[in-house]
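# A structural walkthrough
Listed below, chain by chain, are the residues.
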Amino acid sequence: MKVLVAVKRVIDFNVKPRVKMDGSGVDLANVKMSMNPFDEIAVEEAIRLKERGAATEIVAVSVGPAKAQETLRTALAMGADRAILVQTEEEVEPLAVAKILAKIAAEESPQMIILGKQAIDDDCNQTGQMLAALLGWPQGTFASKVEAANDNVTVTREVDGGLETVKLKLPAVVTTDLRLNEPRYASLPNIMKAKSKPLAAKSPGDYGVDVARRLETVKVVEPAKRQAGIKVGSVDELVERLHGLGIAK
Amino acid sequence: MSVLVLVEHDGKSVRDATLPTITAAAKLGDVHALVAGANVGGVAEQAVKIAGVAKVLVADAPHLDHDLAEEIAPVAAKLMADHDAFVAPATTFGKNIAPRVAALLDVMQLSDILSVEGPDTFTRPIYAGNAIATVRSKDPKKVVTVRTTAFDKAEHGGGNASVEQVDAGGAVGASSFVSLEASESARPELTSAKIIVSGGRAFGSSDQFHALLDPLADKLGAAVGASRAAVDAGYAPNDYQVGQTGKIVAPQVYIAIGISGAIQHLAGMKDAKTIVAINKDEEAPIFQVADLGLVGDLFKIVPELTEKL
């Protein structure tokens, strides 16, 4: 079984984003960038499927700027077999990414496509579901457990009321939640080896996908700031303050 | 403009998340509430009474049970021929289905909106709520999910909508429901609780997490939440998680205990009216957003607080 994983280059999760003075967006100049954490979990899950013998080949795909090559090299160093970079310096919306991935899926015929459930920059949480719709495949979103067997995959999903398990016919799309696995760090020898793994460079035009934006960002502002309040010195004082708020009176 | 709202329900009654979603949708136009499921006549009866709902559309068929996106999305997409916008709550239910509807319509979705600024313009959080974007959609139809804490709940009762049965389509059959491991709790739900007590990794174990937090929560009539670290460590189930990728809450009072305050956690609770922080590290970032802070050992403070409240 071939597995496709999609990865996105985003602001590192430890960096506090700063809104640009002109309100046009978030300042990404000289900011540390990394693989979207949910996508790391997707890559790890694909590798585990391969290690268990359920997957035979892992193809990592990224739609993004030239520097997304680094993100793909990280995926290759973790254990992906080859990579495809669909390069564009434009910001590409989830719908267009899903269309590109659908075209790649048509060429590569994977049995499973694993994506992070959301990117921590735009927080959209859309691409996997859109891709599944475009392909007419079932979807196992917010996965905390994935078990592939024969022509099916059983996915346990983190939902608001607990854990839901669904069974999907392959091919299927899976999106990862936080507790699916703990991604490995790439070892130095594997980082070196990844440099010689194949990485194909493509453009959205190669797939005939129009990436023109459907959403126009009018402005980006900082949210209203909370002011730090006061520190109390004892539990008694805290209780008094809480009573003052009408709590547990 | 007519708006199709996807009703979240449990098969018997309308879930609370639907109510603020209807409030948001009503800012766009006439609200038609879609109740999709199996044997959902009772849900439809409730939905007609919600203030602001003009019409209830019922798609009732066995294959629409269990909220499977593969089955519900085509039904909703077909109804969109007669609607200008599709609106769903930004819960795991809505987040699962809405993008699938959007792709079927070739529309770019607006996720997790905080406000409706105009017929095609909305605000939404990006970067874990560290920035708020005002976004205008150029698509002919809109697909939107709604942050439920950002809108008032539409009133249950007073409405008098008509009911119409709609085509439930045929079963797609690509997916099936296996099981739901539901978290049973007598406490209020996190997303609608007035008071939340929330614990972090500092509790050290699942036993201590529950032994200390549960009595405090019971005393306050509060819901219990957790940081990602506490859930990852197995102290609390996944649906307790508050944060960027967990639940977004906005209670009257949020009491964060042993939670340092990573930006991902703050993203989920910083709209609480009052934030109380208890942490042994006086430099913890949680104190930068807390209205009331108490520095000290939670193992001493929490039992004392529970006793004295």
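No experiment lies behind these values; they were computed from the predicted model shown.

### Regarding the overall build of chain B
The helix and strand inventory of chain B stands at eight helices and 16 strands. For 309 residues, the compact-globule estimate of 2.2 N^0.38 gives 19 Å, and the C-alpha radius of gyration of chain B, at 21 Å, lies within 12% of that figure. Within chain B, the fraction of its 309 residues that count as buried is 60%. Here the contacts in chain B between residues at least 6 apart in sequence split such that 66% fall between residues at least 24 apart.

### Concerning the sheet that holds strand E1 (residues 2-6) of chain A
Taken in spatial order, the 10 strands line up as E11(A)-E5(A)-E4(A)-E1(A)-E6(A)-E10(A)-E7(A)-E8(A)-E9(A)-E11(B) in an open sheet, and their pairing is mixed. Two strands lie at the open edges of the sheet, namely strand E11 (199-202) of chain A together with strand E11 (175-182) of chain B, each paired on one side alone. With strand direction ignored, the average angle separating the axes of adjacent strands in the sheet is 25 degrees. Pairing of strand E7 (residues 139-149) of chain A with strand E8 (residues 152-159) of chain A involves six bridges; the strand directions are antiparallel. Counterpart to Ala143(A) in the pairing with E8(A) is Arg157(A). This element, helix H4 (residues 127-135) of chain A, spans strand E6 (112-116), E7 and strand E10 (172-176) of chain A of the sheet and lies at about 60 degrees to E7(A).

### Description of the sheet that holds strand E5 (residues 110-113) of chain B
Residues and elements named next belong to chain B. The strand order across the open sheet formed by seven strands is E5-E9-E4-E1-E2-E3-E10, and the pairing between neighbours is parallel. Edge positions in the open sheet fall to E5 and strand E10 (162-165), since each of these has one partner strand only. The average angle at which neighbouring strand axes cross in this sheet is 25 degrees, direction not considered. Looking at chain direction, strand E1 (residues 2-6) and strand E2 (residues 30-37) are connected through five bridges and run parallel. Within E2, the position partnered with leucine 6 by the bridge is leucine 34. Where helix H1 (residues 18-26) meets the sheet, it contacts E1, E2, strand E3 (53-60), strand E4 (85-89), E5 and strand E9 (142-146), and its direction lies at approximately 155 degrees from that of E4. On top of the sheet, helix H3 (residues 69-79) reaches E1, E2, E3 and E4; it is set at about 150 degrees to E2, its chief contact.

### With respect to the packing of helix H6 (residues 235-244) of chain A against helix H8 (residues 298-308) of chain B
Here H6(A) crosses H8(B) at 45 degrees, and the two axes come no closer than 10 Å. If you check the angle between H6(A) and H8(B), you find them oblique. Once H6(A) is placed against H8(B), the crossing between them reads as right-handed. Residues Val235(A), Asp236(A), Leu238(A) and Val239(A) of H6(A) form the contact with H8(B), whose own contacting residues are Ile301(B), Glu304(B), Leu305(B) and Lys308(B). Residue composition of the contact of H6(A) with H8(B), by class: five nonpolar, no polar and three charged.

### Concerning the confidence of the model for chain B
With 100% of its residues at a pLDDT of 70 or more, chain B shows a mean pLDDT of 96. Our summary of model confidence lists the complex with pTM equal to 0.95 and ipTM equal to 0.96.

### Looking at the interface of chain B and chain A
Taken together, the contact between chain B and chain A spans 70 residues of the former and 66 residues of the latter. Classifying every residue of the side of chain B that touches chain A gives 35 nonpolar, 19 polar and 16 charged. Taken together, the six bridges between strand E12 (residues 215-221) of chain A and strand E8 (residues 131-137) of chain B define a ladder with antiparallel strand orientation. The residue bridging Glu216(A) from the neighbouring strand is Arg136(B), located in E8(B).

### Side note on helix H5 (residues 206-220) of chain B
Residues and elements named next belong to chain B. Compared with an ideal rise of 1.5 Å per residue, which puts 15 residues at 21 Å, H5 spans 21 Å between its outermost C-alpha atoms and is within 8% of the ideal. If you look at H5, its biggest bend is around 25 degrees, right at leucine 213, and the proline proline 215 turns up within four residues after that. Listed in full, the buried residues belonging to H5 are Phe209, Leu212, Leu213, Leu216, Ala217 and Leu220. Glycine 221 occupies a position one or two residues after H5 and carries a positive phi of about 65 degrees.

### So, helix H1 (residues 37-51) of chain A
All names here are of chain A. Taking 1.5 Å of rise per residue, 15 residues should cover 21 Å, and H1 covers 21 Å from first to last C-alpha, within 8% of that figure. When we look at burial in H1, the residues that qualify are Pro37, Phe38, Asp39, Glu40, Ile41, Ala42, Val43, Glu44, Glu45, Ala46, Ile47 and Leu49. Directly after H1, the chain includes glycine 53, whose backbone phi takes a positive value near 90 degrees.

### As for the pairing of strand E14 (residues 253-257) of chain B
All names here are of chain B. In terms of burial, E14 is a largely internal element, five of the five residues being buried. The two faces of E14 match: Val253, Ile255 and Ile257 on one face and Tyr254 and Ala256 on the other face are all buried. Across five bridges, the pairing between strand E12 (residues 195-199) and E14 is parallel. From the neighbouring strand, isoleucine 196 faces E14, where its bridge partner is tyrosine 254. Relative to strand E15 (residues 274-279), E14 runs parallel, the two sharing five bridges. Bridging across to E15, isoleucine 255 finds its partner in valine 276. Since E14 and E15 lie parallel, the crossover through helix H7 (residues 263-269) that links them has a hand, and here it is right-handed.

### Considering unusual backbone geometry
Cis geometry marks the peptide bond from Leu170(A) to Pro171(A), where omega comes out at 0 degrees. Relative to the elements of secondary structure, Pro171(A) occurs in the loop between strand E9 (162-169) and E10. The phi angle at Asp123(A) is positive, at roughly 50 degrees, despite the residue not being glycine. Secondary-structure assignment places Asp123(A) in the loop between E6 and H4. In this structure Asp123(A) comes out as buried when scored by C-beta crowding, with 20 C-beta atoms within 10 Å. Unusually for a residue other than glycine, Asp67(B) sits at a positive phi of about 55 degrees. Position of Asp67(B) relative to the elements: it lies in the loop between E3 and H3. Of the residues examined, Asp67(B) has 23 C-beta atoms within 10 Å and is grouped as buried.

### Digging into the packing of H3(B) against helix H4 (residues 92-105) of chain B
Residue and element names in this part refer to chain B. Between H3 and H4, whose axes approach to 9 Å, the crossing angle comes to 50 degrees. Considering the angle they form, H3 stands oblique to H4. In this structure, H3 meets H4 at a crossing whose hand is right-handed. Counted together, Ala69, Ile72, Ala73, Pro74, Ala76 and Ala77 of H3 and Asn96, Ile97, Arg100, Val101, Leu104 and Leu105 of H4 form the full contact between these two elements. Of the residues that constitute the contact of H3 with H4, the class distribution is 10 nonpolar, one polar and one charged.

Parameters and conventions
- Residues numbered from 1 in each chain as written.
- Chains lettered and ligands numbered in written order.
- Predicted model: local features only at pLDDT ≥ 70, side-chain atom pairs only at ≥ 80, totals over all residues.
- Helix = DSSP H or I, 4+ residues; strand = E, 2+ residues; numbered from the N terminus.
- Rg over C-alpha atoms; globule rule 2.2 N^0.38 Å.
- Buried ≥ 20, exposed ≤ 12 C-beta atoms within 10 Å, placed from the backbone.
- Contact = placed C-beta atoms within 7 Å.
- Pairing = 2+ DSSP bridges.
- Axes fitted to C-alpha atoms, helices over the stretch in contact; angles between N-to-C directions.
- Parallel < 35°, antiparallel > 145°, perpendicular 65-115°, else oblique.
- Left-handed = near helix turned anticlockwise from the far one by under 90°.
- Nonpolar A, V, L, I, M, F, W, Y, C, P; charged D, E, K, R; others polar.
- pLDDT = per-residue confidence, 0-100.
- Expected span 1.5 Å × (residues − 1).
- Bend = angle between axes of the 7 residues up to and from the residue.
- Right-handed = clockwise from strand over helix to strand, strands pointing away.

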